Structures are given as structure tokens and as C-alpha cells.
Amino acid sequence: MKKILPEWTLGLLISAVTYTILFYINAWLTTNLAYGLGVNWIYLPAGLRLFLTLIFGLSGAIGIAVASFLICYLGDFPPELTTCIGVGLISGFAPYLARFFVMSNASISTDLGNLSLPKLALCILIYALLSAGLHQWWFAVRGLGETGSFNHFLVMLLGDILGTVLLIGLIKAGLDLIKPSKLA
């Protein structure tokens, strides 16, 4: 039991810190690509949400939820506790639900050893649909301006898909750079 708790806590902390950092980097890089409150044409943290929940599972989802709650509460959203709790829960658990759905229905092992490109694409699509749909539903329920519309849903869906594909591409390129050369 002692060994599981530190690994679980480490997953939570890594998820919360890396998500927060990438959120602010994305906000800085894509300032001109914001469509509305909480909606961006390219959202790199979407890819990190999926990546962290695929790797860390529940601890990753909780880490993302806590970080997202704090970002929401201290950021551009109205500092309403209920609104920000909902945003945090959706941010952390939409990718976790996608992970659960894909692992149960597409036979992905828990160590991700058999994660193929088609299975990853399915996971990205399911995650983006869940995330955009739940976020926009929550924004509409909470009465956050023009959010919650079909246009906001489509832009968020596209932003989550593009951000996820771009982040995975960046991770892959980074891994290719650090691989030892076959000629050496």
C-alpha cells in the first residue's frame, strides 16, 4: 500500500503542474486564436488531458480537475464556485471517460502496449466530443454569455482535436530527437 500511494500522488501532482503550465503557454501562444470564453481554435492542453489520463488514470483526471478548477476560479471565468467546480470536473473527467470507454470497447490494455493509431484516433474523437459537448452544456447551464452555442461547440471540438494531434506530434518529434542514432 505504501508504494501505490506515492505513485498515485505523483501522477496527480505531475498532471496538475504540467496541465497548468501548458494551459498558460497555450494562452500566450494562441492569444489571437481565442473564439470565446473557454473556447480556442487550437487547444494544446486538450492533448495533455488525454495523454495524462491515459498514463495516470484516475490520479491524472483528479490532478487536471484540481488545476482546471484553480485556473477557472482565478482566471477569466466569473469566480463562482459552482461554475468552476463544474469546469474542473469536466476538464478532468471527460478524458477519463474517453479512456474508460475506449479501453473497454477497443480492447486497449492498461499499459497502452497495444495502442494503435486507429485506436488513438478513436480515443481523440471520443474525448473531443465529450469535452466540447459537456463544456458547452455546462457553460449554457451556468449562463456564461454566448457560450453554449452550437458554433462554440464546433470550435471547441475542432480546437481539442487540433490541439491533441499537434501535442502528440510534438511529443513524437521530441522522442524521435532523443532516440539514439542507429549510425552511432
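Just so you know, the residues in each chain are numbered from 1, in the order the chain's sequence is written. For this predicted model, a pLDDT threshold of at least 70 governs which residues receive local features, and a threshold of 80 or more governs which side-chain atom pairs are given and counted, while totals over whole chains, interfaces and linings are taken from all residues. In computing side-chain values, all of the structure's heavy atoms are included and hydrogens and water are not.

1. Observations concerning the packing of aromatic side chains
- Geometry of aromatic contacts follows a simple scheme: Phe, Tyr and Trp rings, the Trp one being its six-membered ring, pair when their centres are within 6.5 Å, and the pair is stacked under 30 degrees between planes, edge-to-face over 60, tilted otherwise. This model, assessed by the stated rule, comprises eight aromatic pairs.
- With 6.4 Å between their ring centres and 75° between their planes, Phe23 and Tyr43 make a pair best called edge-to-face. Linking Phe23 in helix 1 (residues 4-29) with Tyr43 in the loop between strand 2 (39-40) and helix 2 (44-56), this pair joins segments that are 20 residues apart in sequence.
- Looking at Phe23, the relative accessible area reads 21%, which means it is partly exposed.
- Through pairs of rings, three or more aromatic residues link up here, namely Phe23, Tyr24 and Tyr43. Helix and strand assignments follow DSSP, with helices taken as H or I runs no shorter than four residues and strands as E runs no shorter than two, numbered in order from the N terminus. To sort residues, take the accessible area from a 1.4 Å probe on protein chains only and compare it with the maximum for the residue type: under 20% means buried, over 50% means exposed, and anything in between is partly exposed.

2. Observations regarding the packing of helix 3 (residues 58-74) against helix 4 (residues 81-105)
- Between helix 3 and helix 4, whose axes approach to 7 Å, the crossing angle comes to 150°. Judged by the angle between their axes, helix 3 and helix 4 are roughly antiparallel. Considering how the two elements wind past one another, helix 3 and helix 4 form a crossing that is right-handed. For the pair helix 3 and helix 4, the contacting residues are Leu58, Ala61, Ile62, Ile64, Ala65, Ser68, Phe69, Cys72 and Tyr73 in the first and Leu81, Cys84, Ile85, Val87, Gly88, Leu89, Ser91, Gly92, Phe93 and Tyr96 in the second.
- Only Asp, Glu, Lys and Arg are considered charged in this grouping, and only Ala, Val, Leu, Ile, Met, Phe, Trp, Tyr, Cys and Pro are considered nonpolar; every other residue, Gly among them, is considered polar. The class makeup of the residues in the contact of helix 3 with helix 4 is 15 nonpolar, four polar and no charged. As a rule, the C-alpha atoms of each element are fitted with a line to give its axis, helices using only the stretch in contact, and angles between N-to-C directions run from 0 to 180 degrees. Any angle that falls under 35 degrees is termed roughly parallel, while one over 145 is termed roughly antiparallel, one within 65 to 115 roughly perpendicular, and all others oblique. Note: crossing handedness is left-handed where the near helix turns anticlockwise from the far helix by less than a right angle, and right-handed where it turns clockwise. In what follows, residue pairs with any heavy atoms lying within 4.5 Å of each other are defined as contacts.

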